[in-house]
Amino acid sequence: MSRTNFDTLLEAGCHFGHLKRKWNPAMAPYIFMERNGIHIIDLHKTVAKIDDAAEALKQIAKSGKKILFVATKKQAKQVVAEKAAAVNMPYVIERWPGGMLTNFPTIRKAVKKMANIDKLTADGTYSNLSKREILQISRQRAKLEKNLGSIADLTRLPSALFVVDVLKEQIAVREANRLGIPVFAIVDTNSNPDNIDFVIPANDDANKSVEVILEACCAAVAEGLEERKAEKVDTEAAGEAENKTRKRSARARVEKSEEAVSEVETVEAEA
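Structure report, in brief. All residue numbers here refer to positions counted from 1 along the written sequence of the relevant chain. For this predicted model, a pLDDT threshold of at least 70 governs which residues receive local features, and a threshold of 80 or more governs which side-chain atom pairs are given and counted, while totals over whole chains, interfaces and linings are taken from all residues. In computing side-chain values, all of the structure's heavy atoms are included and hydrogens and water are not.

So, the overall build of the protein
Part 1 of the argument: The numbering of helices and of strands both runs from the N terminus, where a helix is a DSSP run of H or I of at least 4 residues and a strand a run of E of at least 2. For the protein, the count of helices and strands is seven helices and eight strands.
Part 2 of the argument: Radius of gyration means the value over C-alpha atoms here, while the globule rule gives 2.2 Å times the residue count to the 0.38 power. Over its C-alpha trace the protein gives a radius of gyration of 28 Å, far above what one expects of a compact globule, namely 18 Å for 271 residues.
Part 3 of the argument: In terms of overall dimensions, the protein has C-alpha extents of about 110 × 60 × 30 Å along its principal axes.
Part 4 of the argument: Type-normalised accessible area, obtained with a 1.4 Å probe on protein chains alone, sets the label of each residue: buried when under 20%, exposed when over 50%, and partly exposed for intermediate values. Going through the 271 residues of the protein one by one, you find that 39% of them count as buried.
Part 5 of the argument: The long-range fraction of contacts in the protein, counting pairs at least 24 apart against all pairs at least 6 apart in sequence, stands at 64%.
Part 6 of the argument: Here, Shrake-Rupley sampling with a 1.4 Å probe gives the accessible areas, and only protein chains in the shown set may cover a residue. Of the roughly 15,800 Å² that the protein leaves accessible, carbon and sulfur atoms contribute 51%.
Part 7 of the argument: Distance between charge centroids for the protein: 11 Å, based on 42 positive and 39 negative side chains. Throughout, a residue-residue contact means that at least one pair of heavy atoms, one from each residue, lies within 4.5 Å. Charge counting follows a simple rule: Lys and Arg are positive, Asp and Glu are negative, and His as well as the terminal groups are ignored. The location of each charge is read from NZ of Lys, CZ of Arg, CG of Asp or CD of Glu.

Okay, structure coming up:
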């Protein structure tokens, strides 16, 4: 069963592409027609692509790996932050820090710096500083939180990138391509889909369009996380059952050994 449908996507305005003069010819397979100088996206293909992407995202989440969501454009920021946070995945909605993937250790140092400021503030180390110095540290902390707070739990490179608007996030896409990290993306008619592993052809400007697609994809991620949790519980239960069986077997062997010793002692006593 599809995770979304033609009517839902149509109502959300996912079919509206850009003006014909702004199109990227590589998007031709996903364009249904032209109307009043605007390209219309084939939503039947969008439905199929969402299903493909959602299934792949589900498997990544099920394996316990992280998916980094990226959307720095104003109309997509809030919805991406809400949807990604709901499934406990990292996200970037402010300026993309250059080298975030290709120079990941440096980014981790900045995140650790933020944690150190919190620690030193909590234990009173900064209490003897002047007001000016405390203000400077507070501003530095606020800046780090704004840019990196949403990736504080990302201790290693993500296993996938989910991008809204590949034109705006082309640096992020380039870094992911360079490292071989699969890229999932909402791709509009003015963008190049060639460097995207999982293309979702749709309007990447309308808030409602982005929300509907993210809802379907994040629901798949949530399913993957639930299945992982269930499998973990089953594995633990199986492990406990195996331990109990081993203990019973060991106890039986001990009892059998004790019986044998007792029999030998009885025979010796009779002799």
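From this point on, the discussion continues.
Here we look at the pattern of salt bridges
Part 1 of the argument: The working definition used for a salt bridge is a side-chain nitrogen of Lys or Arg within 4 Å of a carboxyl oxygen of Asp or Glu. If you walk through the whole model with that rule in mind, you get 13 salt bridges.
Part 2 of the argument: Note that lysine 77 and glutamate 94 form a salt bridge whose closest N and O atoms lie 3.6 Å from each other. One end of the pair, lysine 77, is in helix α3 (residues 74–86); the other, glutamate 94, is in the loop between β5 (91–92) and α4 (104–122), and 17 residues separate them in sequence.
Part 3 of the argument: Salt bridges sharing partners connect three or more residues here, namely Arg3, Lys58, Lys62, Glu223, Glu227 and Glu231.

Concerning the sheet that holds strand β7 (residues 183–187)
Part 1 of the argument: At least two DSSP bridges between two strands are needed for those strands to be called paired. The strand order across the open sheet built from five strands is β5-β4-β6-β7-β8, with neighbouring strands paired in parallel fashion. Of all strands in the sheet, those bounded by a partner on one side alone are β5 and β8 (198–201).
Part 2 of the argument: Looking at chain direction, strand β6 (residues 160–164) and β7 are connected through four bridges and run parallel. What sits directly across from leucine 161, in β7, is valine 183.
Part 3 of the argument: Docked against the sheet, helix α2 (residues 43–62) engages β4 (67–70), β6, β7 and β8, running at close to 140° with respect to β8. Note on method: axes are straight lines fitted to C-alpha atoms, helices fitted across the in-contact stretch only, with angles between N-to-C directions ranging 0 to 180 degrees.

Observations regarding the sheet that holds strand β2 (residues 31–35)
Strands belonging to one sheet form pairs held by backbone hydrogen bonds; the direction of such a pair is parallel or antiparallel.
Part 1 of the argument: With respect to topology, three strands assemble into an open sheet ordered β1-β3-β2, the strand pairing being antiparallel. Sheet topology places β1 (16–19) and β2 at the edges, where each strand pairs with a single neighbour. For this sheet, the mean angle separating the axes of adjacent strands, direction not counted, is 30°.
Part 2 of the argument: Where β1 and strand β3 (residues 38–41) come together, two bridges link them in antiparallel fashion. Looking across to β3, one finds that phenylalanine 16 is bridged to isoleucine 40.

Quick look at α3
Quick reminder: α-helices carry 3.6 residues per turn. Residues three or four places apart thus point the same way.
Part 1 of the argument: For α3, the set of buried residues is Ala76, Val79, Val80, Ala81, Lys83 and Ala84.
Part 2 of the argument: Phi for asparagine 88, located one or two positions after α3, is positive at around 60°.

Section: the environment of glutamate 227
Part 1 of the argument: Counting through the fold element by element, glutamate 227 comes out in helix α7 (residues 207–270).
Part 2 of the argument: By relative accessible area, glutamate 227 is classed as partly exposed at 28%.
Part 3 of the argument: A sequence separation of 169 residues divides glutamate 227 from lysine 58, and the C-alpha atoms of the two residues are 9.4 Å apart.
Part 4 of the argument: Ignoring any residue separated from it by four or fewer positions in sequence, one finds glutamate 227 in contact with Lys58 and Lys62.

What to know about the environment of threonine 102
Part 1 of the argument: With respect to the helices and strands, the residue threonine 102 is situated in the loop between β5 and α4.
Part 2 of the argument: For threonine 102, a relative accessible area of 34% translates into the label partly exposed.
Part 3 of the argument: C-alpha of threonine 102 to C-alpha of leucine 179: the two residues are 77 residues apart in sequence and 7.2 Å apart in space.
Part 4 of the argument: Discounting residues that sit within four places of it in the chain, threonine 102 has contacts with Glu175, Arg178 and Leu179.

Topic: the nonpolar core
Part 1 of the argument: Definition used in this section: a nonpolar core is a set of buried Ala, Val, Leu, Ile, Met, Phe, Trp, Tyr and Cys residues joined via side-chain atoms within 4.5 Å. By size, the foremost hydrophobic cluster in this structure holds 38 residues, and its most contacted members are Ile67, Phe69, Val80, Phe162 and Ile213.
Part 2 of the argument: Breaking this core down by element, the ones donating at least two residues are α2, β4, α3, β6, β7 and α7.
Part 3 of the argument: For phenylalanine 69, the contacting residues outside a window of four places in its chain are Val80, Ala84, Met89, Pro90, Tyr91, Val92, Phe162, Leu214 and Cys218.
Part 4 of the argument: Formed by 31 residues, the second largest nonpolar core is a distinct cluster that contains Ile137, Ala176, Ile196 and Val199.

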